[in-house]
Amino acid sequence: MAASRQAAMFRLPPLPTIGEIIKLFKLKAEKQLSQNFLLDLRLTDKIVRKAGSLKDAHVCEVGPGPGGITRSILNAGVAEVLLIEKDPRFIPGLQMLSDAAPGKVRIVHGDILTYNKLGKAFPEHLMKNWEDDPPDIHIIGNLPFSVSTPLIIKWLENISKRDGPFRYGRTQMTLTFQKEVGEVDVTVIHFTPLVQPKIEQPFKLVEKVVRTVFQFRRKYCHQSVRVLFPEAERLEKAEQLLKLADVDPILRPTQLSMFHFKSLCDVYRKMCDEDPKLFTYNYRDELTEKRNRKRSRFCKTKDDVI
Ligand code: SAM
């Protein structure tokens, strides 16, 4: 009780503002790296509140930069925050925060897309069964789209295997998304993994179907699902897939519901079971092969001429 009251009352000692830290360490936002910083503590507090109560929680913040969100996380009374930052320029400023909150900040200079120690990053006693309430572990981050998109795909795969940060249970994530660099409006999305997935198929299969359908996002879905199949049987198999899945061929990808995707994945799975080569079939490999064949034919003709 006394410990939790102490945690709730935790307040960082007076520190330079984020603006001053940026000046002190000459932390110019690199536009090529889609960097931009949140300086307003009221805004960072608001983002952090979306995660729910963080009192005594263990948090991993991805891409802390100069540490605006980090301050709000610390002020929320967390037990510990693990910071993973790729750009070495930010490490000294983050170290300053760590000194101001002894024992509460761990800093990793690394790339979250390749960092593979999140499955061991938190105390083992926090581990929960998948079906239980989520563990007291949160991931928070304000990353550029170019990083958050592959990261979410990686974490979705982790969720399906219950490994990485989801080895501890249904770890929650609070992530911000910005449409463009420098745009002030940020959307904050809070994710909690479901106990039961909506589509009970292997992750790689679901990813293949969803990625294929969305690759021509303005076209009708009958045009995109075709490329799930080799050229020789493309039209016939695509028609069969849509018919069995009961999906109207002239819906566009964004008009498809979760139920449609489930149905497409279930039928595609059956088709792959009947023809195991189908799952490894990749439309892009076929295109490259075709292009290479064309090129080698062209080269032969040229050699002949020479
Ligand atoms: N969180 C800070 C804020 O809100 O002010 C900075 C946000 S800035 C949009 C993104 C931050 O993520 C930068 O500090 C950048 O260096 C870092 N970053 C980008 N890619 C990363 C990656 N793959 N792994 C870890 N950090 C990354």
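Residues numbered from 1 in each chain as written. Predicted model: local features only at pLDDT ≥ 70, side-chain atom pairs only at ≥ 80, totals over all residues. Heavy atoms only, no water.

## Here we look at the packing of helix α6 (residues 145-161) against helix α7 (residues 203-214)
Right, on to step 1. One way to put it is that α6 packs onto α7 with a least axis distance of 10 Å and a crossing angle of 145°. Across the interface between the two elements, I153, L156, E157 and S160 from α6 touch F203, K204, E207 and R211 from α7.
Right, on to step 2. For the contact of α6 with α7, a count of residues per class yields three nonpolar, one polar and four charged. (Axes fitted to C-alpha atoms, helices over the stretch in contact; angles between N-to-C directions. Helix = DSSP H or I, 4+ residues; strand = E, 2+ residues; numbered from the N terminus. Contact = heavy atoms within 4.5 Å. Nonpolar A, V, L, I, M, F, W, Y, C, P; charged D, E, K, R; others polar.)

## Overview of the domain arrangement of the protein
Bring the parts together and some accessible area is lost; that lost area is often taken as the interface size.
Right, on to step 1. The domain boundaries assigned to the protein delineate domain 1 (2-191) and domain 2 (203-287).
Right, on to step 2. Averaged C-alpha coordinates put domain 1 and domain 2 at centres separated by 37 Å.
Right, on to step 3. Listed as interface residues are four residues of domain 1 and, on the opposing side, four residues of domain 2.
Right, on to step 4. Interface of domain 1 and domain 2: buried area, both sides summed, is about 320 Å²; carbon and sulfur atoms make up 66% of it.
Right, on to step 5. Broken down residue by residue, the surface that domain 1 buries against domain 2 is led by I153, E157 and S160, which jointly contribute 89%.
Right, on to step 6. Here domain 1 is connected to domain 2 by one salt bridge. (Domains from an automatic or database assignment. Buried area = accessible area lost by both parts, 1.4 Å probe. Salt bridge = Lys/Arg side-chain N within 4 Å of Asp/Glu carboxyl O.)

## Concerning helix α9 (residues 234-245)
Right, on to step 1. The end-to-end C-alpha distance of α9, which contains twelve residues, comes to 16 Å, matching closely the 16 Å that a straight helix rising 1.5 Å per residue would cover.
Right, on to step 2. Every buried residue of α9 is listed here: R234, K237, A238, L241, L242 and A245. In an axial view of α9, the angular spread of the buried residues amounts to 130°, which keeps them on one side of the axis. Pointing more than 90 degrees away from the buried face of α9 are the exposed residues L235, E236, E239, K243 and L244.
Right, on to step 3. Just beyond α9, the residue with positive phi is D246, at close to 60°. (Expected span 1.5 Å × (residues − 1). Buried < 20%, exposed > 50% of the residue type's maximum accessible area, 1.4 Å probe, protein only. Arc of directions from axis to C-beta.)

## A look at unusual backbone geometry
Backbone phi values are negative for most residues with the exception of glycine, while trans is the configuration of most peptide bonds.
Right, on to step 1. Backbone geometry at D56 places phi at a positive 65°, although glycine is not the residue there.
Right, on to step 2. As for its placement among the helices and strands, D56 is situated in the loop between α3 (41-49) and β1 (58-62).
Right, on to step 3. At D246, a position not held by glycine, the phi torsion is positive, near 60°.
Right, on to step 4. As for its placement among the helices and strands, D246 is situated in the loop between α9 and α10 (258-274).

## Topic: the pattern of salt bridges
Right, on to step 1. Considering all chains together, one arrives at 14 salt bridges under this definition.
Right, on to step 2. Here D111 ties to K86 by a salt bridge, and the two come within 3.6 Å at their closest N and O atoms. A residue pair is termed long-range when its members are at least 10 positions apart, and D111 in the loop between β3 (105-109) and β4 (137-142) and K86 in the loop between β2 (80-85) and α5 (91-100) qualify at 25 residues.
Right, on to step 3. What makes K86 exposed here is its relative accessible area of 56%.
Right, on to step 4. With a shortest N-O distance of 3.3 Å, K161 and E157 are connected by a salt bridge. With a gap of four residues between them, K161 and E157 both fall in helix α6, about one helical turn apart.
Right, on to step 5. We classify K161 as exposed; its relative accessible area is 51%.
Right, on to step 6. Look at E157 and you get buried, because its relative accessible area is 18%.
Right, on to step 7. Counted as one network, the salt bridges with shared partners bring together E157, K161 and K204.

## Overview of the sheet that holds β1
Right, on to step 1. On the basis of which strands lie adjacent, the open sheet formed by six strands has the order β3-β2-β1-β4-β5-β6 and mixed pairing. Because the sheet does not close on itself, it has two edges, and the strands there are β3 and β6 (187-191). Averaged over all adjacent pairs, the angle separating strand axes in this sheet is 15°, with direction ignored.
Right, on to step 2. α5 rests against β2 and β3 of the sheet, and its axis sits at about 165° to β3. (Pairing = 2+ DSSP bridges.)

## Focus on the side chain of H260
Right, on to step 1. With respect to the helices and strands, H260 occurs in helix α10.
Right, on to step 2. Not counting chain neighbours up to four residues away, the residues in contact with H260 comprise D246, V247, L251 and Q255.

## Notes on the site of the ligand
Right, on to step 1. Residues in contact with the ligand amount to 22 residues; listed here are only the nearest, L38, G63, E85, D111 and N142.
Right, on to step 2. A distance of 2.7 Å separates an oxygen atom of the ligand from a polar backbone atom of L38.
Right, on to step 3. Within the side chain of D111, one N or O atom sits 2.7 Å away from a nitrogen atom of the ligand.
Right, on to step 4. In isolation the ligand exposes 590 Å². Once the protein is present, 97% of that is buried.
Right, on to step 5. Classifying every residue of the shell around the ligand gives ten nonpolar, seven polar and five charged. (Near = heavy atom within 4 Å. Polar contact = N/O pair within 3.5 Å; in protein donor to acceptor, adjacent residues only side chain to side chain. Areas by Shrake-Rupley, 256 points an atom, 1.4 Å probe, with all protein chains shown as cover.)

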